[in-house]
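What follows is the residue order along each chain.
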Amino acid sequence: MVQLYLNMNTIDWIMVSSLVIGAYVLRYYYNYFTRKNPLPGPIPFPIVGNLLQLGIDISKMMARYLDSKYGNISEAYFGSHRSIFVSGLDDVEKIYSPTSIKFNSFMHRFSTNEGISELGLEKSGVMFNRDLKDWSINRRMLTQTLMSTVFLRNNIKLIEKNCDDLFQYWDLIGVTVHDNRTVIEVPNWMRVFSNDLILETIMNKKSYAKASYFNHITDKKLDIPQHLLKQSGDLIENLYVALKSGMFIINVPGCIRHTIFKYFNDMIVGLFYGVEDVIDKRVKERRQEIESMPVETELPSDLLTLMITTNTSRDQNKVRLGEYSEPLSDSSICKIIVELIVGGNSTTASLSFILAYLCNHPKVKDRLVKEIEQVYGVNLSPTITFESLDKLRYCEAVLHETARICPTIEVFFRTSSNRVELCGYTFEPNTLFWTNFYRLNNHENYWVEPEVFNPDRFLNNDLKKLKAYYQFGGGVRHCPGRFLVMIQLKTFLVRFFSKYDIESTVSNQSIIKGFVGGITNCEKFDVYIKPKKI
Ligand code: HEM
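Residue positions are given per chain, counting from 1 as you read along its sequence in written order. This being a predicted model, a pLDDT of at least 70 is required before a residue's local features are given, and a value of 80 or more before pairs of side-chain atoms are given or counted; all residues contribute to the totals for chains, interfaces and linings. Note that water and hydrogens are dropped before the side-chain values are worked out from all heavy atoms of the structure.

Trainee: Outline the overall build of the chain, listing residues and values.
Mentor: Under the scheme used here, helices are H or I runs from DSSP no shorter than 4 residues and strands are E runs no shorter than 2 residues, and both carry numbers assigned from the N terminus. When helices and strands are counted, the chain shows 21 helices and 11 strands. Summarising its shape, the C-alpha atoms of the chain cover approximately 90 × 60 × 50 Å along the three principal directions. Burial classes: relative accessible area under 20% of the type maximum marks a residue as buried, over 50% as exposed, and values in between as partly exposed (1.4 Å probe, protein chains only). Looking at the chain residue by residue over its 534 residues, the buried ones come to 55%. Contacts were defined at the residue level, with two residues in contact if any of their heavy atoms lie within 4.5 Å. Sequence-distant contacts, at least 24 apart, represent 70% of the contacts inside the chain between residues at least 6 apart. In these tables, accessible area is a Shrake-Rupley quantity obtained with a 1.4 Å probe, and a residue counts as shielded only by the protein chains included in the view. When the accessible surface of the chain is split by element, carbon and sulfur atoms take 56% of a total near 24600 Å². In the chain, 62 side chains carry a positive charge and 58 a negative one; their mean positions are 3 Å apart. For the purpose of counting charges, residues Lys and Arg are taken to be positive, whereas Asp and Glu are taken to be negative. His and the chain ends are not included. Where a charge sits is defined by one atom per residue type, namely NZ (Lys), CZ (Arg), CG (Asp) or CD (Glu).

Trainee: Which residues make up the sheet that holds strand 8 (residues 500–504), and what values do they have?
Mentor: Strands are labelled as partners when DSSP assigns at least two bridges between them. Taken in spatial order, the three strands line up as 3-11-8 in an open sheet, and their pairing is antiparallel. Strand pairing shows two members of the sheet lacking a second neighbour, strand 3 (183–185) and strand 8, which therefore form its edges. When strand polarity is set aside, the average angle formed by the axes of neighbouring strands in this sheet is 45°. Of the strands in this sheet, strand 8 and strand 11 (526–531) touch helix 21 (residues 482–499), which is tilted by about 90° from strand 8. Only the stretch in contact is used when fitting a helix axis, every axis being a line fitted to C-alpha atoms; angles between N-to-C directions are given from 0 to 180 degrees.

Trainee: Please provide a residue-by-residue account of the environment of Leu-172, values included.
Mentor: Tracing the sequence through the fold places Leu-172 in helix 8 (residues 149–172). With 160 residues separating them along the chain, Leu-172 and Ser-332 place their C-alpha atoms 41 Å apart.

Trainee: Can you tell me about the packing of helix 8 against helix 21, naming the residues and giving the values?
Mentor: Helix 21 packs onto helix 8 with a crossing angle of 40° between their chain directions and a minimal axis gap of 9 Å. With respect to helix 21, the element helix 8 is oriented oblique. The two elements helix 8 and helix 21 cross, and the hand of that crossing is right-handed. Of the residues in helix 21, those touching helix 8 at Phe-151, Leu-152, Asn-155, Ile-156, Ile-159, Glu-160, Cys-163, Asp-164, Leu-166, Phe-167, Trp-170 and Asp-171 are Phe-483, Leu-484, Ile-487, Gln-488, Thr-491, Phe-492, Arg-495, Phe-496 and Lys-499. For classification, angles of less than 35 degrees are called roughly parallel, those exceeding 145 degrees roughly antiparallel, those between 65 and 115 degrees roughly perpendicular, and all remaining angles oblique. Crossing handedness: left-handed means the near helix sits turned counterclockwise from the far one by under a right angle, and right-handed means the same turn made clockwise.

Trainee: So what about helix 21? Which residues, and what values?
Mentor: Here a helix's expected span is defined as the number of its residues, less one, multiplied by 1.5 Å. In this model, helix 21 (18 residues) spans 26 Å end to end at C-alpha, consistent with the 26 Å of a helix rising 1.5 Å per residue. Across the 18 residues that make up helix 21, a large majority, 16, are buried.

Trainee: Give a detailed account of the coordination of the iron atom of the ligand, specifying residues and quantitative values.
Mentor: Because no water is among the atoms considered, metal sites can look incomplete, with donors defined as N, O and S atoms within 2.8 Å of the metal, or 3.2 Å for Na, K and Ca. Exactly one protein atom donates to the iron atom of the ligand; that atom is Cys-479 (SG), 2.3 Å from the metal. Looking at the element boundaries, Cys-479 is found in the loop between helix 20 (437–441) and helix 21.

Trainee: Describe unusual backbone geometry, naming the residues involved and giving the relevant values.
Mentor: Positioned with a positive phi, Asn-204 is a non-glycine residue whose angle comes to about 55°. In this fold, Asn-204 is placed in the loop between helix 9 (186–203) and helix 10 (209–217). Given the relative accessible area of 29%, Asn-204 is considered partly exposed. Not every positive phi belongs to a glycine, and Glu-449 is a case in point at roughly 45°. With respect to the secondary-structure elements, Glu-449 resides in the loop between helix 20 and helix 21.

Trainee: Explain the packing of aromatic side chains to me, and be specific about the residues and the numbers.
Mentor: Here a pair means two rings of Phe, Tyr or Trp (six-membered ring of Trp) with centres within 6.5 Å. Their orientation is stacked below 30 degrees between planes, edge-to-face above 60, and tilted elsewhere. Inspection of every chain in the model, using the stated rule, returns 33 aromatic pairs. Ring centres 6.0 Å apart and planes at 70° place the aromatic pair Tyr-32 and Tyr-77 in the edge-to-face group. Of this pair, Tyr-32 sits in helix 2 (residues 10–33) while Tyr-77 sits in strand 1 (residues 73–78), and the two are 45 residues apart along the sequence. Residue Tyr-77 is classed as buried on the basis of its relative accessible area, which comes to 10%.

Trainee: Lay out a nonpolar patch on the surface with the relevant residues and their values.
Mentor: Among the surface-exposed residues, Ile-260, Phe-261, Tyr-263, Phe-264 and Met-267 lie close enough to one another that they form a single nonpolar patch of about 570 Å² accessible area. Following the sequence through the fold, Phe-261 ends up in the loop between helix 13 (254–257) and helix 14 (262–291). A patch is a set of surface residues, each over 30% in relative accessible area and not in a salt bridge, joined within 9 Å for like charges and within 5 Å for the nonpolar side chains Val, Leu, Ile, Met, Phe, Trp and Tyr. By convention in these notes, a salt bridge is any Lys or Arg side-chain nitrogen within 4 Å of a carboxyl oxygen on Asp or Glu.

Trainee: Can you tell me about the confidence of the model for the chain, naming the residues and giving the values?
Mentor: The score called pLDDT rates the predictor's confidence residue by residue, from a low of 0 to a high of 100. Averaged over the chain, the pLDDT score is 88; the fraction of residues at 70 or greater is 96%. Of all the helices and strands in the chain, helix 1 (residues 2–6) carries the lowest mean pLDDT, 72, while helix 17 (residues 362–376) carries the highest, 97. In the predicted complex, the global pTM is 0.91; the interface-specific ipTM is 0.99.

Trainee: Quick rundown of the site of the ligand? Include the residues and the values.
Mentor: The environment of the ligand is formed by 29 residues, the closest being Arg-109, Arg-139, Arg-414, Arg-477 and Cys-479. Two N or O atoms form a polar contact when they lie within 3.5 Å of each other; inside protein one atom must be a possible hydrogen donor and the other a possible acceptor, and for residues adjacent in sequence the pair counts only when both atoms belong to side chains. At 2.6 Å, a side-chain N or O of Arg-109 approaches an oxygen atom of the ligand. A distance of 2.8 Å is found between an oxygen atom of the ligand and a side-chain nitrogen or oxygen belonging to Arg-414. Contributing elements (two or more residues each) for the shell around the ligand: helix 7 (132–146), helix 16 (330–360), strand 4 (411–415) and helix 21. Residue polarity follows a fixed list, in which Ala, Val, Leu, Ile, Met, Phe, Trp, Tyr, Cys and Pro are nonpolar, Asp, Glu, Lys and Arg are charged, and the others, Gly among them, are polar. Looking at the shell around the ligand residue by residue, the class counts come to 15 nonpolar, 10 polar and four charged. When we say a residue is near a molecule or strand, we mean one of its heavy atoms is within 4 Å of it.

Trainee: Just give me the short version of the layout of surface pockets, but keep the residues and values in it.
Mentor: Definitions used for this entry: grid spacing 1 Å over protein atoms alone; cavity, a set of points where a 1.4 Å probe fits but cannot get out; pocket, an open set with protein on both sides within 12 Å along at least 5 of 7 lines; lining residue, one with an atom within 4 Å of a point. Grid points are joined across faces, edges and corners, and a volume is the space filled by probe spheres set on the points. Taken as a whole, the largest pocket spans an internal volume of roughly 1200 Å³. The set of elements that each furnish at least two residues to the lining of the largest pocket consists of helix 5 (89–96), helix 8, helix 18 (386–390), helix 19 (393–405) and helix 21. When residues of the lining of the largest pocket are assigned to their parent elements, the largest contribution, five residues, is made by helix 21. A per-class count over the lining of the largest pocket returns 16 nonpolar, 10 polar and nine charged. There is about 550 Å³ of room inside the second largest pocket.

Printed below as a string of structure tokens:
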């Protein structure tokens, strides 16, 4: 046999390779055409699946293409992984409504995924964690903190402080000069604003992304140490690049990422772990700060402090993790924090879309401002309380209507934990289901004139009755940041419209969307911001 190999010339090698490849391709298509439960969808290629036809960004292609071409249920392949795409209301409800773990057939986010596993997220954190015991501890801790009134009340103060900083920078670049025509690029400012906010919310330390951006775009340099600006600027930039490449890591098979795209793959994974290193340093620093304080010191209720002290002698019993009695490890805390910062990026996108829709709908904007003035009076810098935000019914309707017509998460996913039935088909455990929020939120069967931006549809309606409205998922894995997001968006709008008016640089400016790591972003929207005349 060895002799036979040694005697083979180039032609022989080409023929043998062709035979092997041909046999592989034949077997691949035999398996494909005889698969169980065939669903409509584009025909895949070996190894890459449908990546060549559809690209790597599932949000874009699913919401816009698969649904209109193949209907309520279809399939596509990312590498060898089969994904099922669902956009019928009954089926999406089946996936997101169960509220108990015991009777839930869609408990997991992913089945095994080599990209997620390379990032160390498969068995830690919350979003992708497949270890349900570990997930339930982390999840319970997050829910009890992120949704507690004490935490949310404190966060209002932090949002106000960040608004004040933002407005100070805007004033410095000249927006308060009467009739000033300084162009404000909404998406860029909202990105640095919400990144600072989420980092400070989680890490209990000032972040300087706004200041870094201010220094980048103006000649008036702020008197803040260069290393602090660089640290915040780099962290945000690296996170953004890592997030932008998230779909590449998740959807492109390892055999391609580690060969053809090795350089790019290593760079992204390196960036991701670089971000984690920065967070890890902060976790250790905070641990030391806490340990150096007398035991009886009342500690603040920020997330990092709570995560570090849970199940330690400093635990102030704010969080109860049932039977679990171990403190969370630094590495576990780091993974959770990375996910939360990524979650904060949807808030960025929401802020930009809200301002853009308000600019393009001046009557809605006027009504919103009127409501803010009714609740807070005409006041450049009103004091905001948790209770007062509850009175902003129209504002809430504006937030929901923007999320309906322009969801920042257009599609999201769960994986079956058991054998399940959907749309008349039976699926095995570990099948990945992508659900189409964009289609449901804009479907003519469920909404009157879905293409019209009309917050009134949310005004006198119980959210539970608007079954086709999906923003934060639902059931047992419902987004734990949803209350925080609503508080952040409302507080920002109250502070903003108490001090300024906003106008698009051109009438009816188109709202350009981009897709970054599964989040739909506003790519560009330029406005003039004018001081409010009192
Ligand atoms: C507008 C902003 C946001 C949107 C649209 C959004 C949307 C979502 C959606 C659709 C899910 C999946 C839920 C499910 O499977 O049922 C989710 C999960 C999650 N979100 Fe959010 N989110 C936002 C902001 C945030 C923020 C600010 C945080 C944290 C500070 C956060 C933390 C999380 C976490 C940890 C999960 C995973 C939950 C789990 O798997 O158990 N999100 N989010």
